[in-house]
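# Tertiary structure, described
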Amino acid sequence: KQEVTQIPAALSVPEGENLVLNCSFTDSAIYNLQWFRQDPGKGLTSLLLIQSSQREQTSGRLNASLDKSSGRSTLYIAASQPGDSATYLCAVRSGGSNYKLTFGKGTLLTVNP
Amino acid sequence: SAVISQKPSRDICQRGTSLTIQCQVDSQVTMMFWYRQQPGQSLTLIATANQGSEATYESGFVIDKFPISRPNLTFSTLTVSNMSPEDSSIYLCSAGQMNTEAFFGQGTRLTVV
């Protein structure tokens, strides 16, 4: 059974700081890994998708890496802004009959002005 | 990318009643999923909505409580039946293909009183 862990559970940083969020998963037989952002009471916004054959993906100030063999991914946020404050969720898509996503519990990020 | 419209966005319901949540995707998709997010928790998969056949339910979720329809490749409904306060959660619809990004609706915030 796939399990996804995210560390830290919460992070508070001053504006402008670079930061790293961590995600680990127990079963390396994945199709892809996706990072999401969730604002309070809202749905999920997709940030980055990394296929199992890829090492990293970049979008603007965000960079996500994937080390499938060790079951780890990181999300790097450069020059953080107060608008980045949200919960960040990591999810892995595994095989099986329904290719479901398994989510971590998320990292609550607060960027202070 | 896919745009997912989910409604209602929120509702307050009496215990013992049922609520049907609708999910409309702006393009045909192979996979549609329903998730539950209980207060302060991450997402838990309820079931995979299969077009033209019965939904595939995860452990702990049953069809009598959460009947699902998927009449075509762009639409699905989830019904929360015989509701109790423990069913108060955010319910989220997701859609996508196996090797592409998963997209989510904005969620339905359900409160059962």
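Residues numbered from 1 in each chain as written. Chains lettered and ligands numbered in written order. Predicted model: local features only at pLDDT ≥ 70, side-chain atom pairs only at ≥ 80, totals over all residues. Heavy atoms only, no water.

## With respect to the state of the cysteines
Residues and elements named next belong to chain B.
- Under the definition given, this model contains 2 disulfides over all chains.
- One disulfide bridge connects cysteine 23 with cysteine 93, the sulfur atoms lying 1.9 Å from each other. Taking the torsion about the S-S bond as the criterion, the cysteine 23 to cysteine 93 disulfide, at about -65°, is left-handed. A residue pair is termed long-range when its members are at least 10 positions apart, and cysteine 23 in strand E3 (residues 19-25) and cysteine 93 in strand E9 (residues 89-96) qualify at 70 residues. Each of the two residues, cysteine 23 as well as cysteine 93, counts as buried.
- Here cysteine 13 stays free of any disulfide, with the sulfur of cysteine 23 as its closest cysteine sulfur at 18 Å. (Disulfide = S-S within 2.5 Å. Helix = DSSP H or I, 4+ residues; strand = E, 2+ residues; numbered from the N terminus. Buried < 20%, exposed > 50% of the residue type's maximum accessible area, 1.4 Å probe, protein only.)

## Some details on the sheet that holds strand E1 (residues 4-7) of chain B
All names here are of chain B.
- Spatially, E1-E3-E8-E7 is the arrangement adopted by the 4 strands of the open sheet, whose pairing is antiparallel. The sheet terminates laterally at E1 and strand E7 (68-72), the two strands that pair on one side only. Each strand axis lies, on average, 15° off the axis of its neighbour in the sheet, ignoring direction.
- Here E7 pairs with strand E8 (residues 75-80) via 3 bridges, running antiparallel. Residue pairing for E8: serine 69 is matched across the bridge by threonine 77. (Pairing = 2+ DSSP bridges. Axes fitted to C-alpha atoms, helices over the stretch in contact; angles between N-to-C directions.)

## With respect to the pairing of strand E3 (residues 19-25) of chain A
All names here are of chain A.
- Burial of the side chains of E3 is restricted to one face: Leu19, Leu21, Cys23 and Phe25 are buried, whereas none of Val20, Asn22 and Ser24 on the reverse face is.
- Both strand E1 (residues 4-7) and E3 contribute to a ladder of 4 bridges, which runs antiparallel. Looking at the pairing, valine 4 lines up with phenylalanine 25 of E3.
- As judged from the 6 bridges shared by E3 and strand E8 (residues 72-77), these two strands associate in the antiparallel manner. Note that in E8 the partner of leucine 19 across the bridge is isoleucine 77.

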